[in-house]
Amino acid sequence: MTEKNNQNYNKNYLEYIKTQEPPTKHFKNCYAAFLVGGFICVIGQFIRYMFIYLGLSGDELAGATSVVLIFLGCLLTGLGVYDRIGRYAGAGSIVPITGFANSVTSPAIEFKTEGFIYGMAAKMFTVAGAIVVFGVFSGVMVGLIYYFL
């Protein structure tokens, strides 16, 4: 096949694909992501206010709020609810703390049939492992910069 025929074939194929794929609903997707992501943040703020009401402050307040949000993310993932939220909200469901909990819990649930070591423990950080490594590395670099400044 000559180069010109190949280009025409590719062009025709791409035009055919564009006629077959459904149109993307950008506004609806952005709106859903904004609403769900904002709602997750509102829940986090509500939990924070409840802990303030109970008398926590400082590091205890931040830690307790984070633990509850991580627990809720893992619980909803285990119940299959977080996947449905993610299908509806897209990027809105990847609010950092609950999205991270989901990315650790999902592979653990998926590979639990392979056992605790080679299944759950090994696969739990396939997605989140890079995030953990980058986070630790970034933390060390920022710490060194602050130390030497």
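Keep in mind it's a predicted model, so treat the numbers as computed, not measured.

What counts as what
- Residues numbered from 1 in each chain as written.
- Predicted model: local features only at pLDDT ≥ 70, side-chain atom pairs only at ≥ 80, totals over all residues.
- Heavy atoms only, no water.
- Helix = DSSP H or I, 4+ residues; strand = E, 2+ residues; numbered from the N terminus.
- Buried < 20%, exposed > 50% of the residue type's maximum accessible area, 1.4 Å probe, protein only.
- Contact = heavy atoms within 4.5 Å.
- Phe/Tyr/Trp six-rings, centres within 6.5 Å; stacked < 30°, edge-to-face > 60°.
- Axes fitted to C-alpha atoms, helices over the stretch in contact; angles between N-to-C directions.
- Parallel < 35°, antiparallel > 145°, perpendicular 65-115°, else oblique.
- Left-handed = near helix turned anticlockwise from the far one by under 90°.

## Some points on the environment of A32
Locating A32 in the fold gives a position in helix α2 (residues 26-53). The buried category is assigned to A32, whose relative accessible area is 1%. A sequence separation of 57 residues divides A32 from A89, and the C-alpha atoms of the two residues are 5.0 Å apart. Not counting residues up to four positions away in its chain, the partners in contact with A32 are Y88 and A89.

## Re the packing of aromatic side chains
Enumeration over the complete set of coordinates arrives at 2 aromatic pairs. Residues F27 and Y31 carry aromatic rings whose centres are separated by 6.3 Å and whose planes lie at 15 degrees to one another, so their mutual orientation is stacked. With F27 and Y31 both in helix α2 and 4 residues apart, the pair spans about one turn of that helix. With a relative accessible area of 69%, F27 lands in the exposed category. Between Y147 and F148, the aromatic rings sit 5.1 Å apart at their centres with planes inclined by 75 degrees, giving edge-to-face as the arrangement. Given the relative accessible area of 65%, Y147 is considered exposed.

## Topic: the packing of helix α3 (residues 58-78) against helix α5 (residues 96-110)
Between α3 and α5, whose axes approach to 8 Å, the crossing angle comes to 40 degrees. Judged on the interaxial angle alone, α5 and α3 are oblique. For the pair α3 and α5, the crossing hand works out as right-handed. Contacts between α3 and α5 involve S66, L69, I70, G73, C74, T77 and G78 from the former and I97, T98, A101, N102, T105, S106 and I109 from the latter.

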